[in-house]
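A look at the structure
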Amino acid sequence: MAEPLRPKGYGMTAAIKNKIAGKYDPKLEEDSIQWIEAILGEGTMQGAKGADAVQKVLKDGSILCKLINVLQPGSVKKINTGTQPMILMENTGKFLQGCEKYGVKKADLFQSVDLFENQNMDAVIKGIVALGRMAQIKGFDGPTLGPKQAEGEKREWSEEQLKAGQGIIGLQMGTNKGASQAGMTMGKSRAIID
């Protein structure tokens with residue numbers, strides 16, 4: 001496939017790429033690589049270090065598909081092999097679908113093109129971390145990645161407490177201290193003439 005005709009070294013394209021590259025966290029990358037290797041086996045990531053090396057290893061999507069299949073068996077029925085870009089991107093798409101079915105929010109995931117064209121490896125790593133957090137919530141008994149995601153605090157109110165709250169005017173509503181607009185006129189009245 002031909003290289004896309006995008007300017008690379010100047011202008012807005014370069015500014016955006018530099019901004020995305022500035023967000024990349026090498027520590028998060030290292031933690032993600034160690035987590036993947038702990039689940040799939042040592043050497044899976046082939047010693048990848050740095051965004052470009054990680055992208056080359058994960059580009060075909062096969063490692064990601066194997067990862068989601070360990071966490072939730074049967075998520076990806078068939079992992080494609082070959083060299084055609086669309087087939088390889090399909091693997092990543094299947095991984096992303098499997099992550100959504102597993103419970104990872106779509107907003108926490110990346111797009112296939114982010115990985116395949118090395119456009120936003122920060123989003124890729126953060127998507128893997130989001131999967132690691134969800135694995136902890138789901139009770140995966142293997143290695144963990146990142147802090148456990150908070151589940152929220154459920155609050156219960158008695159009927160008496162709910163009724164007491166209805167009589168309170170919130171601070172955002174303010175108060176009118178008994179004032180009203182009765183009898184107020186502002187300027188000349190509006191006349192509609194036929």
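Just above sits the structure.
Keep in mind that what you see is a predicted model, and the values were worked out from it rather than measured.

A few words now on the overall build of the protein. Broken down by element type, the protein carries eight helices and zero strands. Reading the protein from its N end, one meets helices and strands in the order α-α-α-α-α-α-α-α. Residues counted as buried form 30% of the 194 residues belonging to the protein. Once local pairs closer than 6 in sequence are excluded, the contacts in the protein between residues at least 24 apart make up 54%. With an accessible surface of roughly 13900 Å², the protein has 53% of that area assigned to carbon and sulfur atoms.

Turning to helix α3 (residues 51–58), a few remarks are in order. Restricting attention to buried positions, one finds in α3 the residues Val54, Gln55, Val57 and Leu58. The buried residues of α3 occupy an angular sector of 165° when the element is viewed end-on, so they sit on one face. Close packing links the buried residues of α3 with α2 (26–40), α4 (62–71), α6 (112–116) and α7 (121–137).

Glancing now at the environment of Met121. Relative to the assigned elements, Met121 resides in helix α7. For Met121 and Ala21, which are 100 residues apart along the polypeptide, the C-alpha to C-alpha distance reads 8.1 Å. Setting aside residues up to four positions removed in sequence, Met121 forms contacts with Tyr24, Ala51, Val54, Gln55, Asp114 and Leu115.

Attention now moves to the state of the cysteines. Across all of its chains, the model carries zero disulfides by this definition. Summary of cysteine pairing: Cys99 is not part of a disulfide, and the nearest cysteine sulfur, belonging to Cys65, is at 9.4 Å. Given the relative accessible area of 0%, Cys99 is considered buried.

Now for the packing of α4 against α7. When two helices pack together, their arrangement is given by the angle between the helix axes and the distance between those axes. Close contact between α4 and α7 brings their axes to 11 Å; oriented N to C, the two are set at 10°. Relative to α7, α4 is oriented roughly parallel. From α4, Leu64, Leu67, Ile68 and Leu71 reach across to α7, where they touch Ile128, Leu131 and Ala135.

Within this structure, the stated rule accounts for one aromatic pair. The ring of Tyr102 has Lys138 lying over it, and the distance from NZ or CZ to the ring centre is 5.4 Å.

Now for the nonpolar core. Generally speaking, nonpolar side chains in soluble globular proteins are found buried as a group. Formed by 36 residues in total, the largest nonpolar core has its most connected members in Trp35, Val54, Phe95 and Leu131. When contributions to this core are tallied by element, the ones reaching two or more residues are α2, α3, α4, α5 (85–102) and α7. No other element matches the ten residues that α7 contributes to this core. For Phe95, the contacting residues outside a window of four places in its chain are Leu64, Cys65, Ile68, Val76, Phe110 and Leu131.

Turning next to unusual backbone geometry. If you check the backbone angles, Asn118 has positive phi at about 55° while not being a glycine. Relative to the helices and strands, Asn118 is located in the loop between α6 and α7.

The final tally for this structure, using the stated rule, is four salt bridges. Here Lys27 ties to Asp31 by a salt bridge, and the two come within 2.9 Å at their closest N and O atoms. Of this pair, Lys27 and Asp31 both sit in helix α2, four residues apart, which is roughly one turn of that helix. Its relative accessible area of 24% is what places Asp31 among the partly exposed residues. For Arg133, the salt bridge identified is with Asp108, shortest N-O distance 3.7 Å.

Next up on the list: α5. The first and last C-alpha atoms of α5 sit 26 Å apart over 18 residues, in line with the 26 Å expected at 1.5 Å per residue. Where α5 is buried, its residues contact α4, α6 and α7. Gly103 sits one or two positions beyond α5 and adopts a positive phi of about 120°.

The rules behind these values
- Residues numbered from 1 in each chain as written.
- Predicted model: local features only at pLDDT ≥ 70, side-chain atom pairs only at ≥ 80, totals over all residues.
- Heavy atoms only, no water.
- Helix = DSSP H or I, 4+ residues; strand = E, 2+ residues; numbered from the N terminus.
- Buried < 20%, exposed > 50% of the residue type's maximum accessible area, 1.4 Å probe, protein only.
- Contact = heavy atoms within 4.5 Å.
- Areas by Shrake-Rupley, 256 points an atom, 1.4 Å probe, with all protein chains shown as cover.
- Arc of directions from axis to C-beta.
- Disulfide = S-S within 2.5 Å.
- Axes fitted to C-alpha atoms, helices over the stretch in contact; angles between N-to-C directions.
- Parallel < 35°, antiparallel > 145°, perpendicular 65-115°, else oblique.
- Phe/Tyr/Trp six-rings, centres within 6.5 Å; stacked < 30°, edge-to-face > 60°.
- Lys NZ or Arg CZ within 6 Å of the ring centre and 35° of its normal.
- Core = buried A, V, L, I, M, F, W, Y, C linked by side-chain atoms within 4.5 Å.
- Salt bridge = Lys/Arg side-chain N within 4 Å of Asp/Glu carboxyl O.
- Expected span 1.5 Å × (residues − 1).

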